[in-house]
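Examining the three-dimensional arrangement
Each chain, letter by letter, is given below.
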Amino acid sequence: DAAPYNKPHLDAHFYLLDMMHRMNIMNGMDTMMPMGMMLPDGYMRMGESQAMMGVHYIDMNGPEYSGHPFQSAFVYGFSMGSMTFMEAMCDKAILTSHTALSGTVKQPMMMGMTMSIPASYKTSYDASAKTTTIELDGF
């Protein structure tokens, strides 16, 4: 991964496709722009399509691009113009310190389509169960 995401982190992908359809997503160039929507202001394409995922679009206006250390980010993923996943990306140090974390999801503008997009994402730690949860919220 390129800076600022080149330190240990967890990518929690929430897929919108079943495994059979994900298996058809290949590495390489994907020139189709997201169909039926405009991504939120500041979101830019990050590289080529990755196998079983697609192209990652990330918020270039995030705090990690203005001198602040990376803590979390929300990523949209597309393949051949269709959304394939939504991703909460979290710094491993935040997760292992059991620090609660939350972020707002910038909303795309939908054009003639209905899709449920979360309003936020968050992490929480349950000490009794010793589990960390990463969830999308506010659909």
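What counts and what doesn't
Residues numbered from 1 in each chain as written. Predicted model: local features only at pLDDT ≥ 70, side-chain atom pairs only at ≥ 80, totals over all residues. Heavy atoms only, no water. Helix = DSSP H or I, 4+ residues; strand = E, 2+ residues; numbered from the N terminus. Rg over C-alpha atoms; globule rule 2.2 N^0.38 Å. Buried < 20%, exposed > 50% of the residue type's maximum accessible area, 1.4 Å probe, protein only. Contact = heavy atoms within 4.5 Å. Areas by Shrake-Rupley, 256 points an atom, 1.4 Å probe, with all protein chains shown as cover. Lys, Arg positive; Asp, Glu negative; His and termini not counted. Charge placed at Lys NZ, Arg CZ, Asp CG, Glu CD. Salt bridge = Lys/Arg side-chain N within 4 Å of Asp/Glu carboxyl O. Pairing = 2+ DSSP bridges. Axes fitted to C-alpha atoms, helices over the stretch in contact; angles between N-to-C directions. 1 Å grid on protein atoms, 1.4 Å probe; cavity = no way out; pocket = protein on both sides within 12 Å on 5 of 7 lines; lining within 4 Å. Points joined across faces, edges and corners; volume = space filled by probe spheres on them.

If you tally the helices and strands in the protein, you get two helices and 10 strands. Against the 2.2 N^0.38 benchmark of 14 Å for 139 residues, the protein shows a C-alpha radius of gyration of 15 Å, consistent with a compact globule. Based on the C-alpha atoms only, the size of the protein along its principal axes is roughly 45 × 30 × 30 Å. Per-residue burial over the protein gives 39% buried out of 139 residues. A separation threshold of at least 6 residues defines the contact pool for the protein, and within that pool the share at least 24 residues apart is 53%. Carbon together with sulfur atoms contributes 58% to the accessible area of the protein, which is approximately 7800 Å² in total. Of note, the protein has its 7 positive side-chain charges centred 6 Å away from the centre of its 13 negative side-chain charges.

For the coordinates displayed, the defined rule picks out three salt bridges. With a shortest N-O distance of 3.8 Å, Lys7 and Asp91 are connected by a salt bridge. With Lys7 in the segment before strand E1 (9-15) and Asp91 in strand E6 (residues 82-91), this pair connects stretches of sequence that are 84 residues apart. Taking relative accessible area as the criterion, Lys7 reaches 35% and is therefore assigned partly exposed.

The next point concerns the environment of Met26. Among the secondary structure elements, Met26 is positioned in the loop between helix H1 (19-22) and strand E2 (37-38). The class for Met26 is exposed, based on a relative accessible area of 55%. Each C-alpha atom of the pair Met26 and Gly54 lies 7.5 Å from the other, and the pair is 28 residues apart in sequence. If we ignore the near neighbours within four places in the chain, the residues touching Met26 are Ser49, Gln50 and Ala51.

A separate point is the pairing of strand E3 (residues 43-50). As paired strands, E3 and strand E4 (residues 54-59) are joined by five bridges and run antiparallel to one another. Counterpart to Met44 in the pairing with E4 is Ile58. Connecting E3 to the antiparallel partner E4 that follows it, the hairpin turn spans three residues, and Met52 within it adopts a positive phi of roughly 65 degrees.

Let's shift gears to the sheet that holds strand E10 (residues 131-137). Overall, antiparallel pairing links the three strands, which are arranged E7-E9-E10 in an open sheet. At either margin of the open sheet sits one strand with a lone partner, and together these are strand E7 (101-104) and E10. The sheet shows a mean angle of 15 degrees between the axes of neighbouring strands, direction not considered. Pairing geometry for strand E9 (residues 120-126) and E10, over seven bridges, is antiparallel. Within the sheet, the bridge partner assigned to Lys122 lies in E10 and is Glu135.

Looking now at empty space enclosed by the protein. Scanning the entire structure with this criterion turns up one cavity of 30 Å³ or more. Roughly 30 Å³ of volume is contained in the largest cavity. Around the largest cavity, the lining residues are Ile94, Leu95, His98, Thr99, Thr123, Ser124, Tyr125 and Thr132. At the level of elements, helix H2 (92-96) and E9 are the ones that each hand at least two residues to the lining of the largest cavity.

This part is about the sheet that holds strand E5 (residues 72-79). Taken together, five strands build an open sheet; the order of strands is E1-E6-E5-E4-E3 and the sheet is antiparallel. For this open sheet the edge positions go to E1 and E3, each flanked by a neighbour on one side alone. Going across the sheet, the axis of each strand differs from the next one's by a mean of 25 degrees, ignoring polarity.

Everything listed is a geometric property; what it means functionally is a separate question.
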